[in-house]
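Chain by chain, the residues:
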Amino acid sequence: MKLPVIKSLGAFIENNDEDFIHETLEVLEHVSEVSSLKDEELNVIGELISNMNGALEVQKPIRNGVQQKEALNGFMQRVMGSIDN
């Protein structure tokens with residue numbers, strides 16, 4: 001996951017609609033099932049999916065009034081905590 005990408009996607013969600021992200025996720029998940037994709041291509045698609053899901057998770061507390069920086073920090077702490085376990 002890349003925090004700058006998650007922040008950029010968050011700005012996109014704020015300026016547009018998170019439905020665009022949900023629809024894009026559906027497309028990427030569908031494309032990831034193509035059997036002829038190389039590992040490198042799957043890794044890129046996986047990273048995009050991960051960042052988009054991360055941006056959606058960060059937007060939840062922001063909608064509830066949490067500041068962006070605090071929401072991002074909380075999200076990254078949860079991610080790092082799940083990696084440590």
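Each value, and the rule that gives it
Residues numbered from 1 in each chain as written. Predicted model: local features only at pLDDT ≥ 70, side-chain atom pairs only at ≥ 80, totals over all residues. Heavy atoms only, no water. Phe/Tyr/Trp six-rings, centres within 6.5 Å; stacked < 30°, edge-to-face > 60°. Buried < 20%, exposed > 50% of the residue type's maximum accessible area, 1.4 Å probe, protein only. Axes fitted to C-alpha atoms, helices over the stretch in contact; angles between N-to-C directions. Helix = DSSP H or I, 4+ residues; strand = E, 2+ residues; numbered from the N terminus. Parallel < 35°, antiparallel > 145°, perpendicular 65-115°, else oblique. Left-handed = near helix turned anticlockwise from the far one by under 90°. Contact = heavy atoms within 4.5 Å. Nonpolar A, V, L, I, M, F, W, Y, C, P; charged D, E, K, R; others polar.

**Student:** What is the right way to look at the packing of aromatic side chains in this model?
**Tutor:** Two aromatic rings, taken as a pair, are described by how far apart their centres are and by the angle between their planes. Counted under the stated rule, the structure contains one aromatic pair. On the numbers, 5.9 Å between centres and 70 degrees between planes, the contact of F12 with F20 is edge-to-face. Look at F12 and you get partly exposed, because its relative accessible area is 33%.

**Student:** When you look at the packing of helix α1 (residues 3-15) against helix α3 (residues 39-63) in this model, what are you seeing that I'm missing?
**Tutor:** A pair of packed helices is captured by two measures, namely the crossing angle of their axes and the spacing between those axes. Contact geometry of α1 with α3 gives a least axis separation of 8 Å together with a crossing angle of 60 degrees. Taken together, the axes of α1 and α3 are oblique relative to one another. Viewed along their axes, α1 and α3 form a crossing whose handedness is right-handed. In this structure, α1 contributes V5, I6, L9, G10, I13 and E14 to the contact, and α3 contributes N51, M52, G54, A55, L56, V58, Q59 and I62. Each residue belonging to the contact of α1 with α3 can be placed in one class, and the counts come to nine nonpolar, four polar and one charged.

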